[in-house]
Amino acid sequence: MPQHNITEAVQQLAKRSEQGVCAYIYDLPSLSQHASMMVDALPPNCQLFYAAKANPKAEVLQSLAPIVDGFEAASGGELSWLKEQLPEQDLIFGGPGKLDSEIELAIHYGIELLHVESLYEIRRVQSIAERLGSKVNILLRMNIPIGNIGTTKLAMGGKATPFGIDSAQLPDALSLLKNCPNIILKGFHFHLMSHQLCRHKHLRLMSLYFATFKRWQAEYALTVEQLNVGGGIGINYQNPAEVFEWRAFCDELETLITLNKMQNTQIRFECGRFVSAGCGYYCMEVIDIKQNHGEYFVVAKGGTHHFRTPAAQNHDHPFEVIKRRTPLLDVPTLKNKKATLVGQLCTPKDILAKSQLLTDIAVGDYLLFGQAGAYAWNISHQNFLMHSKPDMVFLRQR
Ligand SMILES: Cc1ncc(COP(=O)(O)O)c(C=O)c1O
């Protein structure tokens with residue numbers, strides 16, 4: 001059963017939605033509680049930044065602002081939005097294909113660190129900073145081999161990708177930087193994979209980052225003291241009860257930091273999905289239930305144009321059925337049958353979960369999809385078919 005406050009929010013929405021319920025519901029107290037747990041568990045020399053790309057809703061950012069150490073932007077648009085919403089917060093800016101105008105904006109905003117992605121980008125940052133008469137603090141985002149550490153279903157590095165600088169080019173990058181008086185190299189950035197579900201594997205990745213950082217410090221006599229270890233902690237959508245063991249991960253990370261003598265390095269996480277996924281729910285009212293060529297379909301208000309996560313991840317999204325308080329009379333129902341849950345789009349790809357066993361569902365009931373607070377609304381093709389937008393509900397109290 002979903003938490004009482006979410007069920008109640010759905011029933012409240014039902015009372016005022018004449019055309020049927022279709023809404024995102026964000027549980028802000030649970031977001032704050034989860035983010036606080038994450039920050040509190042971190043070893044002393046570690047920080048948590050929030051990767052705004054996961055969910056840049058103003059209410060989400062405002063809830064996180066008093067808790068996290070800062071925010072990561074991955075475009076000029078995100079950067080401006082973050083500056084507008086959170087003028088006092090520390091901002092960092094990364095991502096491939098930065099425009100000159102975006103680099104200029106970042107310098108103008110006085111961001112804390114720029115994550116540089118290529119040799120050519122180093123040259124562009126230098127010439128823009130020189131023109132503006134500014135100094136820019138940077139991290140070099142590096143793509144390193146990962147050996148037999150094992151990857152996840154979404155790799156941004158450890159192999160050929162558009163992200164970061166190949167570690168073989170580090171000597172070139174460092175000699176280029178010698179001729180860049182407006183750039184100050186503060187350290188390195190790694191974000192090699194997302195969707196990490198296993199704390200042991202993630203610790204092995206951290207161990208590789210630490211060893212690489214130490215080796216480069218020694219080999220190139222660098223005085224750098226910042227290491228950004230990216231985000232990438234995943235959500236187990238198939239079994240949401242199986243949660244990445246963040247506290248245990250942090251305890252073991254502290255030991256790893258001591259072993260690698262990294263206590264004087266500032267280690268920064270920039271997590272998105274693991275921070276905000278759990279606070280969001282997408283709710284759809286059932287419009288129709290039908291049988292077609294021997295299979296059942298539950299058609300509900302909304303779809304992947306609002307909630308692309310299942311289509312993007314190619315998974316069956318976890319959900320609950322919330323019964324309507326006053327059942328509708330003489331409507332299609334389904335008991336103890338498997339059905340595919342779909343939205344209103346005229347594409348067979350508009351599927352939220354395939355072949356799911358439904359013990360009791362009727363037209364007028366609600367499908368509630370959890371883990372919808374990250375890479376959900378903001379990654380969806382919202383204008384397709386010009387359907388109306390979902391309601392946005394922000395719960396502020398338990
Ligand atoms: C550079 C960088 N940092 C952080 C993140 C956030 O990753 P996640 O949401 O998996 O924590 C991403 C995601 O794409 C990324 O590309």
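It should be emphasised that the depicted structure is a prediction, and the values quoted were computed from it without experimental measurement.

Asks: Please clarify how the overall build of the protein chain should be interpreted in this entry.
Replies: Counting secondary structure elements, the protein chain contains 11 helices and 21 strands. Its C-alpha atoms give the protein chain a radius of gyration of 23 Å, within 12% of the compact-globule value 21 Å for 398 residues. Oriented by its inertia axes, the alpha-carbon framework of the protein chain measures out at about 75 × 40 × 40 Å. For the protein chain, long-range pairs separated by at least 24 residues make up 74% of all intrachain contacts whose partners lie at least 6 apart in sequence. Accessible surface, the protein chain as shown: approximately 17,700 Å² in total, 50% of it carbon and sulfur. Distance between charge centroids for the protein chain: 3 Å, based on 38 positive and 38 negative side chains.

Asks: So what exactly am I meant to see when it comes to the side chain of Lys-98 here?
Replies: The topology assignment puts Lys-98 in the loop between β4 (91-93) and α5 (100-109). When neighbours within four sequence positions are excluded, Lys-98 is seen to be in contact with Phe-93, Ile-103, Leu-114, His-115, Val-116, Glu-117, Glu-121 and Arg-124.

Asks: What is the right way to read the site of the ligand from this model?
Replies: Around the ligand there are 14 residues in total, and Ser-194, Gly-232, Glu-270, Arg-273 and Tyr-375 lie nearest to it. In this structure, an oxygen atom belonging to the ligand sits 2.8 Å away from a main-chain N or O atom of Arg-273. Between the ligand and the protein, one listed contact pairs an oxygen atom with a side-chain N or O atom of Tyr-375 at 2.6 Å. Taken together, the residues that form the shell around the ligand break down as four nonpolar, six polar and four charged.

Asks: What is the right way to read the domain arrangement of the protein chain from this model?
Replies: One frequent convention defines the size of an interface as the accessible area lost when the parts assemble. Here the protein chain is partitioned into domain 1 (4-26 + 278-395) and domain 2 (90-271). Of note, the centres of domain 1 and domain 2, computed from C-alpha atoms alone, are 38 Å apart. With seven residues of domain 1 in contact, the opposing surface of domain 2 contributes six residues. Each partner contributes to the roughly 610 Å² buried at the junction of domain 1 and domain 2, and carbon and sulfur atoms together form 51% of this total. Applying the counting rule to domain 1 against domain 2 returns zero salt bridges. Where domain 1 touches domain 2, the interface holds one residue pair in polar contact (both at pLDDT 80 or more). By residue class, the composition of the side of domain 1 that touches domain 2 is one nonpolar, five polar and one charged.

Asks: I keep staring at the side chain of Arg-273 and nothing clicks. Help me out?
Replies: With respect to the helices, strands and loops of the structure, Arg-273 is situated in helix α10 (residues 273-276). Glu-72 provides the closest opposite charge to the buried, unpaired Arg-273, separated from it by 12 Å. Within the local environment of Arg-273, its side chain forms a polar contact with the side chain of Tyr-237, the two groups lying 2.8 Å apart.

Asks: I would appreciate a short explanation of empty space enclosed by the protein in the present structure.
Replies: Taking a probe equal in size to a water molecule and rolling it over the atoms shows the remaining empty space. Scanning the entire structure with this criterion turns up one cavity of 30 Å³ or more. In this structure, the largest cavity occupies an estimated 40 Å³ of space. If you go around the largest cavity, the residues you meet are Tyr-26, Ala-54, Asn-55, Lys-57, Ala-372, Gly-373, Ala-374, Tyr-375, Ala-376, Trp-377 and Asn-378.

Asks: I tried to follow helix α8 (residues 199-219) on my own but got confused; where do I start?
Replies: Within an α-helix, residues lying three or four positions from one another point in the same direction, as the helix has 3.6 residues per turn. Between its first and last C-alpha atoms α8 spans 30 Å; for 21 residues at 1.5 Å apiece the expected length is 30 Å, and the two agree. Taken together, the buried positions of α8 are Arg-199, His-202, Leu-203, Leu-205, Met-206, Tyr-209, Phe-210, Thr-212, Phe-213, Trp-216 and Gln-217. Of the residues trailing α8, Ala-221 is marked for its positive phi of about 50°.

Asks: Where do I start with the packing of helix α4 (residues 76-85) against α5 in this structure?
Replies: At a closest axis distance of 9 Å, the pairing of α4 and α5 adopts a crossing angle of 20°. On the basis of their axis angle, the class for α4 and α5 is roughly parallel. Crossing of α4 over α5 shows left-handed handedness. Packed against α4, whose contacting residues are Gly-76, Leu-79, Ser-80 and Lys-83, the element α5 presents Glu-102, Leu-105, Ala-106 and Tyr-109 at the interface. Class assignment of the residues belonging to the contact of α4 with α5 gives a composition of four nonpolar, two polar and two charged.

Asks: Just checking my understanding: could you explain the pattern of salt bridges for this structure?
Replies: Any two side chains of opposite charge can pair, so long as their charged atoms come close to each other. For the structure shown, the criterion picks out 14 salt bridges. When the shortest N-O distance is used, the salt bridge between Glu-219 and Arg-215 registers 3.9 Å. In this pair, Glu-219 and Arg-215 are both assigned in helix α8, four residues apart and thus about one turn of the helix distant. Taken together, the shared-partner salt bridges connect Lys-323, Lys-335, Asp-360 and Asp-365 into one network.

Asks: What is the right way to read the packing of aromatic side chains from this model?
Replies: Two descriptors summarise a pair of aromatic rings, namely the distance from one centre to the other and the angle between the planes of the rings. Applying the stated criterion across every chain yields a total of 19 aromatic pairs. Their ring planes at 15° and their centres at 5.2 Å tell us that Tyr-26 and Phe-394 sit as a pair that is stacked. Of this pair, Tyr-26 sits in strand β1 (residues 22-27) while Phe-394 sits in strand β21 (residues 391-395), placing them 368 residues apart in sequence. The two residues Tyr-26 and Phe-394 agree in class, both being buried. Pairing Phe-244 with Phe-274 gives two aromatic rings, centres 6.0 Å apart and planes at 70°, and the pair type is edge-to-face. In this pair, Phe-244 sits in the loop between β11 (226-228) and α9 (246-259) while Phe-274 sits in helix α10, placing the two residues 30 residues apart along the sequence. No difference in accessibility class separates Phe-244 from Phe-274, as the two residues are buried. Connected via pairs of aromatic rings, a cluster forms that spans Tyr-24, Tyr-26, Tyr-282, Phe-307, Phe-319, Phe-369, Trp-377 and Phe-394.

Reading the values: rules and limits
- Residues numbered from 1 in each chain as written.
- Predicted model: local features only at pLDDT ≥ 70, side-chain atom pairs only at ≥ 80, totals over all residues.
- Heavy atoms only, no water.
- Helix = DSSP H or I, 4+ residues; strand = E, 2+ residues; numbered from the N terminus.
- Rg over C-alpha atoms; globule rule 2.2 N^0.38 Å.
- Contact = heavy atoms within 4.5 Å.
- Areas by Shrake-Rupley, 256 points an atom, 1.4 Å probe, with all protein chains shown as cover.
- Lys, Arg positive; Asp, Glu negative; His and termini not counted.
- Charge placed at Lys NZ, Arg CZ, Asp CG, Glu CD.
- Near = heavy atom within 4 Å.
- Polar contact = N/O pair within 3.5 Å; in protein donor to acceptor, adjacent residues only side chain to side chain.
- Nonpolar A, V, L, I, M, F, W, Y, C, P; charged D, E, K, R; others polar.
- Domains from an automatic or database assignment.
- Buried area = accessible area lost by both parts, 1.4 Å probe.
- Salt bridge = Lys/Arg side-chain N within 4 Å of Asp/Glu carboxyl O.
- Buried < 20%, exposed > 50% of the residue type's maximum accessible area, 1.4 Å probe, protein only.
- 1 Å grid on protein atoms, 1.4 Å probe; cavity = no way out; pocket = protein on both sides within 12 Å on 5 of 7 lines; lining within 4 Å.
- Points joined across faces, edges and corners; volume = space filled by probe spheres on them.
- Expected span 1.5 Å × (residues − 1).
- Axes fitted to C-alpha atoms, helices over the stretch in contact; angles between N-to-C directions.
- Parallel < 35°, antiparallel > 145°, perpendicular 65-115°, else oblique.
- Left-handed = near helix turned anticlockwise from the far one by under 90°.
- Phe/Tyr/Trp six-rings, centres within 6.5 Å; stacked < 30°, edge-to-face > 60°.

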